[in-house]
Amino acid sequence: MALTRKVLRTMMEHKAQYIGALVMVMVSCLLFVAMMMVSNNLDSMFNDFSSNNVLGDAEFQVERPLDITMLESKFDAKIEKSSMVDYDLNPGQTLRIFAENSRVNIHEVVEGNELSSKGILIDKLFAGANGLSIGDSLSIQGRKYEINGYMVLPNYIYIIKSKEEMINDPKTFGIAVLSKENQSTIEGGYEFYSVRFNNRENVHQQEVELKAYLLSQGTNILKWESTENNNKVTVVAMEVKTLSSMSKAVPGSLLLLTVILLSILIKRMIKRESVVVGTLYAQGYRKKELIMHYMTFSIIISLLGGIIGALAGFGLVKPMINFLMMAFTMPHEKIIYTLYPVMISLLAPAIFICSASFFVINGLLKKTPAELMKGIKSSDKSNLFEKKLKLDRFKFKTKFQIREQVRNLSRSGFLLFGVIVATILLLYGLTLQSSLDYMLNEGIASLYNLKYEYVYNELKQEAPPTGFEQFNAIYVTPDFDRNSNFAIIGALPDTLRLNIKNLKGEKIVPDKVIITNILSNKLDIKKGDEITVISDEDLSKYTIKIEEIADSAAGEFMFMPLDDLNAMTGYPAGSYIGIWGDEKLEFGKGEIRSTKSMDAIAAGIKNLIVQTGIMVYGLTISSFFLGLIIIFIVTGLIIEENRNTISLIKVFGYKKKEVNKLILDSNTYVVILGYILGVPILVTSVSALMQSLTDSMQMMIPVHLNIWYIVFGFVVVMFTYESAKFLSKRKINKIPMSEALKAGTE
């Protein structure tokens, strides 16, 4: 009981250090439980939604009707013919209307009633953004339809008009479902087929076999979109993967920091109390009892922090899912709370912290009672690092501050690692913003000298409209990497619409085969290498030699002369599939397959940058407090270990400012070094994360960190450091000069 009271008394005397350790354990467990449970719930929602509502594996357009019954039997699949149309409710406001499906990509009503003969279902985000409610009427080509309810579609979980827009904007784009009869009366739509294979293994291979069969039967495939390449669906997998990765990396780093911190605290406590420990030994206390006494500190911190963190993480799950559902449209009637993340969050801190503490405690208590009663003092001998530095050539202040670091390597290591973690948290969101900004300004805006891109439904051979330039394009898959997909663009050798530069910054033109450096790095191919690709349209194989690499952040592209692409693919000489220009054109019904506006793409990326602002602010605040806790704790340790020295310096007549600078500034170089090391570690880790998410995003975001963001991060870290120093000044000022006299008497 007496030892128990001592535990509480010690923790109250040094409450800042123990509260800091408690907070780090708590935050670590909170993040792990919340992120892991949200990740599991998203994964479960997606799997249930895709299974219950029969998410298609591909959607494709063909020139002539198909024998669905025969194809279903031959390929063991569900196939359904459907249709869609983009209808402008108002200028700049598009509603994509689908015919009601009954076999593949089936809608689900999440609020309101099922579809009636004179009704329509719309997505809830579009309704909320445009002031529409259940029971209201929508006028479509002169006919009024009552909004029966809100629905979700498994192939439009992330509702965007095209993958170029990147971020959903429910004010300007939404989806709806009408009965097949009503939908067929709307002009301007087109028909397509959706397929889902019953055998869920090797889906990609089954797609290839179906496509190959259709081509062998003389069926002209106008468009084929695999779900694995559809970011309206795969964005969920990306979010699950990101949360799963982050739920291990961030909490793991915080837990490791706590392990190091408590090991340092307990080691110094036992050294400080070695005389008391020796006396307790002599009075009959057994080693096990003393080990258990000092282990109590770790047990209290790990269990209390784990319990509070797990409960707080539990409470965050629902708000986080509700926030994500503002972007992802899936049914989420109930939230699944699983025990294993909670058990891990409770056991992991206890196991790691207590194991490290036991190792430290057991090592120190191996000494005999007599040795302990003499006191365990830190060695005054210079270690190898100190000898190598040859400190005698420096002034007293410099020598003192350097010795503080090299004689306490564990403490310096803890501070260094802590600043690195805080730096990574601080700059993570800023790196994402900087990368998106770089992709926009140094990539898309820099490469394209145009405002609009129009792609026809079929090849053209006549002269393009005045002021426009023709191009051709095919999508291909590398033979050695069937999960990758990119476009080969055939452009005029003297094109004015593309600004391509090589790795030396010199302007080049597509009179040869050119590949962007992003695609080159992804596929690990270099100038002079040959690559074999398979056409996504007709499965033809082509072997192409890379003649130049372009320095472009615009995306994953290969450029070659238009005539060479036509000759390679067997297209008629001079034919093209699209045009580039600066004017907005009007086309006849069914003539255009897609329209791309550079302004819309730029706006989408800018919106994404704005939306990441919330994350940036949150991470900035979190990293500030984390850094403040770590630096304040380390500064407190320095003050405690140098109480006698501080008192003696005061006796010698040093002023308060001089004492504060001497003691508190000793960590400056460690903090700066931690930030310098944190930046490349951050860029490397974000690059690895982006690479792992490439397949889900179907694009590669080039990782780039703006120099001004680096400067901003350094200012924040140094402000955190100065704040911790300011809070520590009171401790130094409270140390009386009599402390040195007492030490001398003892």
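Keep in mind the model is a prediction, meaning the values are calculated, not measured.

(A) Fine view of the overall build of the chain. In terms of regular secondary structure, the chain is built from 23 helices and 22 strands. Per-residue burial over the chain gives 51% buried out of 746 residues. Long-range pairs, those at least 24 residues apart, make up 82% of the contacts in the chain with a sequence separation of at least 6. Here the chain has roughly 35300 Å² of accessible surface; of this, 57% comes from carbon and sulfur atoms.

(B) Seen up close, the environment of Phe 297. By secondary structure assignment, the location of Phe 297 is in helix 9 (residues 287-324). It is 9.1 Å that separates the C-alpha atoms of Phe 297 and Ser 357, two residues lying 60 residues apart in sequence. Residues in contact with Phe 297, not counting those within four places in the same chain, are Val 7, Thr 10, Met 11, Tyr 18 and Met 269.

(C) Inspection of the environment of Ile 488 at higher detail. On the secondary structure map, Ile 488 appears in strand 13 (residues 486-491). For Ile 488, a relative accessible area of 0% corresponds to the buried category. In the structure, Ile 488 is positioned 13 residues away from Tyr 475 in sequence and 6.3 Å away in space, judged by C-alpha atoms. Setting aside residues no more than four positions away along its own chain, Ile 488 makes contact with Asn 472, Ala 473, Ile 474, Val 476, Val 533, Ile 544, Met 558, Met 560 and Leu 565.

(D) Quick peek at the packing of aromatic side chains. All chains considered together, the criterion is met by 13 aromatic pairs. Ring geometry for Tyr 18 versus Phe 297: centroids 5.8 Å apart, planes at 25 degrees, classification stacked. Here Phe 297 lies in helix 9 and Tyr 18 lies in helix 2 (residues 15-52), a separation of 279 residues in the sequence. Joined through ring pairs, the aromatic side chains of Phe 60, Tyr 193 and Trp 224 make up one cluster.

(E) Representation of unusual backbone geometry. You will see that Val 54, though not glycine, has its phi angle at about 55 degrees, which is positive. Checked against the element boundaries, Val 54 lands in the loop between helix 2 and strand 1 (58-62). Even without a glycine there, the phi angle at Gln 141 is positive, about 50 degrees. Following the sequence through the fold, Gln 141 ends up in the loop between strand 6 (137-140) and strand 7 (143-152).

(F) Focus on the pattern of salt bridges. Inspection of every chain in the model, using the stated rule, returns 13 salt bridges. For Lys 180, the salt bridge goes to Glu 80, with nearest N and O atoms at 3.8 Å. With Lys 180 in helix 5 (residues 180-183) and Glu 80 in strand 2 (residues 77-90), this residue pair connects regions lying 100 residues apart in the sequence. Given the relative accessible area of 34%, Lys 180 is considered partly exposed. Across the pair Glu 548 and Lys 527 runs a salt bridge whose closest N-O atoms are separated by 3.8 Å. Of this pair, Glu 548 sits in strand 19 (residues 548-550) while Lys 527 sits in the loop between helix 15 (517-523) and strand 17 (530-535), and the two are 21 residues apart along the sequence. For Lys 527, a relative accessible area of 52% corresponds to the exposed category.

(G) Molecular detail of the side chain of Gln 93. Relative to the helices and strands, Gln 93 resides in strand 3 (residues 93-99). Judged by relative accessible area, which is 11%, Gln 93 ranks as buried. Of note is the side chain of Gln 93, whose polar atom sits 3.5 Å from the backbone oxygen of Lys 171. The contacts of Gln 93, once residues within four sequence positions are left out, are Tyr 87, Asp 88, Phe 126, Asn 130, Lys 171 and Thr 172.

(H) Seen up close, the nonpolar core. Among the nonpolar cores identified, the biggest contains 109 residues, and Leu 42, Phe 328 and Met 330 are the most heavily contacted of them. By residue number, the principal contributor to this core is helix 7 (residues 231-272), which donates 19 residues. Discounting residues that sit within four places of it in the chain, Phe 328 has contacts with Leu 42, Ile 157, Tyr 158, Val 235, Val 236 and Glu 239. In terms of nonpolar packing, the next biggest core, distinct from the first, is built from 19 residues, Leu 450, Phe 557, Ile 577 and Ile 601 among them.

(I) The arrangement of the packing of helix 2 against helix 7 in detail. Relative orientation of the contacting elements helix 2 and helix 7 amounts to 160 degrees, with a least axis distance of 8 Å. With respect to each other, helix 2 and helix 7 are oriented roughly antiparallel. Regarding helix 2 and helix 7, the two cross each other, and that crossing is left-handed.

(J) Geometry of the packing of helix 18 (residues 643-651) against helix 19 (residues 656-664). Viewed as axis vectors pointing N to C, helix 18 and helix 19 meet at an angle of 150 degrees, and their least axial separation amounts to 10 Å. Judged by the angle between their axes, helix 18 and helix 19 are roughly antiparallel. The two elements helix 18 and helix 19 meet at a crossing, and its hand is right-handed. Contacts between helix 18 and helix 19 involve Ile 646, Ile 649 and Lys 650 on the former and, on the latter, Val 659, Leu 662 and Ile 663. Its residues placed into classes, the contact of helix 18 with helix 19 shows five nonpolar, no polar and one charged.

(K) Summary view of a nonpolar patch on the surface. Taken together, the side chains of Leu 339, Met 343, Leu 347, Ile 351 and Phe 352 present a nonpolar region at the surface, about 530 Å² in accessible area. With respect to the secondary-structure elements, Leu 347 resides in helix 10 (residues 340-364).

Cut-offs applied
Residues numbered from 1 in each chain as written. Predicted model: local features only at pLDDT ≥ 70, side-chain atom pairs only at ≥ 80, totals over all residues. Heavy atoms only, no water. Helix = DSSP H or I, 4+ residues; strand = E, 2+ residues; numbered from the N terminus. Buried < 20%, exposed > 50% of the residue type's maximum accessible area, 1.4 Å probe, protein only. Contact = heavy atoms within 4.5 Å. Areas by Shrake-Rupley, 256 points an atom, 1.4 Å probe, with all protein chains shown as cover. Phe/Tyr/Trp six-rings, centres within 6.5 Å; stacked < 30°, edge-to-face > 60°. Salt bridge = Lys/Arg side-chain N within 4 Å of Asp/Glu carboxyl O. Polar contact = N/O pair within 3.5 Å; in protein donor to acceptor, adjacent residues only side chain to side chain. Core = buried A, V, L, I, M, F, W, Y, C linked by side-chain atoms within 4.5 Å. Axes fitted to C-alpha atoms, helices over the stretch in contact; angles between N-to-C directions. Parallel < 35°, antiparallel > 145°, perpendicular 65-115°, else oblique. Left-handed = near helix turned anticlockwise from the far one by under 90°. Nonpolar A, V, L, I, M, F, W, Y, C, P; charged D, E, K, R; others polar. Patch = residues over 30% accessible without salt bridge, like charges linked within 9 Å, V, L, I, M, F, W, Y side chains within 5 Å.

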